[in-house]
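Architecture at a glance
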Amino acid sequence: MMAHVEKAQRATALITGASGGIGAAIARRLGSEGYDLALVARGEERLKSTATSLRDAGISGGLILPCDVADPEAVHRMIEEVMGHFGRIDVLVNSAGTSRAGFFLRTRLDEWNEILRINLTGVMLTTQAVLRPMRRQRSGTIVTIASLGGRQGRETLSTYCASKFGVVGLMDTVRREVERLGIRVTTILPGEVDTAMHQDGPERGERRMRPEDVAEAVSFSLRLGPRAVLRELVLHNPDSE
Ligand SMILES: NC(=O)c1ccc[n+]([C@@H]2O[C@H](COP(=O)([O-])OP(=O)(O)OC[C@H]3O[C@@H](n4cnc5c(N)ncnc54)[C@H](OP(=O)(O)O)[C@@H]3O)[C@@H](O)[C@H]2O)c1
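Overall, parallel pairing links the seven strands, which are arranged β3-β2-β1-β4-β5-β6-β7 in an open sheet. Both outer strands of the open sheet, β3 (63–66) and β7 (232–235), are each paired with one neighbouring strand and no more. Across the sheet, the axes of successive neighbouring strands diverge by a mean angle of 15 degrees, strand direction being ignored. With six bridges connecting them, strand β5 (residues 140–145) and strand β6 (residues 183–190) associate as parallel partners. Its bridge partner lying in β6, Val143 is registered against Thr186. Along the sheet, helix α3 (residues 72–86) makes contact with β1 (12–16), β2 (36–41) and β3, crossing β3 at roughly 170 degrees.

Take a look at the structure:
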């Protein structure tokens, strides 16, 4: 439980993409472990229903923060609000993301730009903004949900894979710059997870891992003592390449 926070006060976890399949599972898991939650996504209604289902599970609903992670002004305001409310940020989970399938030859520039804006620029902006308070605290953990698509290409997902390769490179570099400040950086690369990101029916869904599997990996990385850093974790689907 919150092994990295050596303080009497409760630790705060800021989760982007908190209304999505994986983000909501992470919120449930960290909320049940005693973290105060700051929940970020663009759509307020879905965030509210995530908070309601947390409360139904006996977990405090958390602070709801509608925000586009790729909008620098909005991210700045959002971080100010979290700091004003909780006074600290111990954990950032970058889970906001998007995907669109299509063969590379048909990739349109506007779609390319939008996916890179959310998946890569969004992680960059949120991480940069959170590092300021974490640097003052001289502690914190940043967990980023990249993808197996950040390690190997997948047909019809060229833009998504390009964005996730970018995220893996970005966070590997950030890690090298901030570990000496007492800030841990973990990147998780899951294979296929059964969420709304896939719209190809229940049969394929049966073969995918569950969002709770990714939440378990996040929880494990946070439970490690301050002298152990899980830098990277690849979660494969059992029957994948
Ligand atoms: N599902 C998989 O198979 C899989 C595998 C590996 C990695 N991942 C990664 O895991 C992360 C979560 O995926 P998921 O499966 O949970 O997807 P999801 O169910 O579609 O959820 C995506 C979440 O991101 C939020 N979001 C999207 N664009 C945003 C923006 N610009 N600003 C703030 N929030 C934004 C969405 O809310 P709004 O639309 O309301 O903003 C939603 O909360 C993604 O980074 C994804 O690439 C997924």
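Moving on, we get to helix α7 (residues 211–223). Compared with an ideal rise of 1.5 Å per residue, which puts 13 residues at 18 Å, α7 spans 19 Å between its outermost C-alpha atoms and is within 8% of the ideal. Taken residue by residue, α7 has Pro211, Val214, Ala215, Ala217, Val218, Ser221 and Leu222 as its buried positions. Along the long axis of α7, the arc covered by the buried residues comes to 155 degrees, so they all point the same way. Next to the buried residues of α7 lie α1 (21–32), β4 (91–94), β5, β6 and β7.

Near the ligand, the surroundings consist of 31 residues, among which Gly17, Gly20, Arg42, Gly43 and Gly97 are the closest. Where the shell around the ligand is concerned, the elements lending two or more residues are α1, β2 and α4 (109–137). Per-element tally for the shell around the ligand: the top contributor is α1, with three residues. When grouped by side-chain class, the residues that make up the shell around the ligand number 13 nonpolar, 14 polar and four charged.

Conventions used here
- Starting from 1, residues in each chain are numbered consecutively following that chain's sequence as written.
- In view of the model being predicted, local features appear only for residues whose pLDDT reaches at least 70, and side-chain atom pairs are presented and counted only at 80 or more, with totals across whole chains, interfaces and linings using the full set of residues.
- One bridge is not enough; two strands pair if DSSP finds at least two bridges between them.
- In this description a helix means any DSSP run of H or I spanning at least four residues, a strand means any run of E spanning at least two, and both kinds are numbered starting from the N terminus.
- Throughout, an axis means a line fitted to C-alpha atoms (over the contacting stretch in the case of helices), and angles, computed between N-to-C directions, take values from 0 to 180 degrees.
- What counts as a contact here is a pair of residues whose C-beta atoms, placed from the backbone, lie within 7 Å.
- Take the residue count of a helix, subtract one, and multiply by 1.5 Å to get its expected span.
- Exposure classification rests on a simple neighbour count of other C-beta atoms within 10 Å of a residue's own: a residue reaching 20 or more is buried, one at 12 or fewer is exposed, and one in between is partly exposed. C-beta atoms are placed from the backbone.
- Here the arc refers to the directions that run from the helix axis out to each C-beta atom.
- All residues are tested the same way: a C-beta atom is placed from the backbone, and lying within 6 Å of a molecule or strand makes the residue near it.
- Only Asp, Glu, Lys and Arg are considered charged in this grouping, and only Ala, Val, Leu, Ile, Met, Phe, Trp, Tyr, Cys and Pro are considered nonpolar; every other residue, Gly among them, is considered polar.

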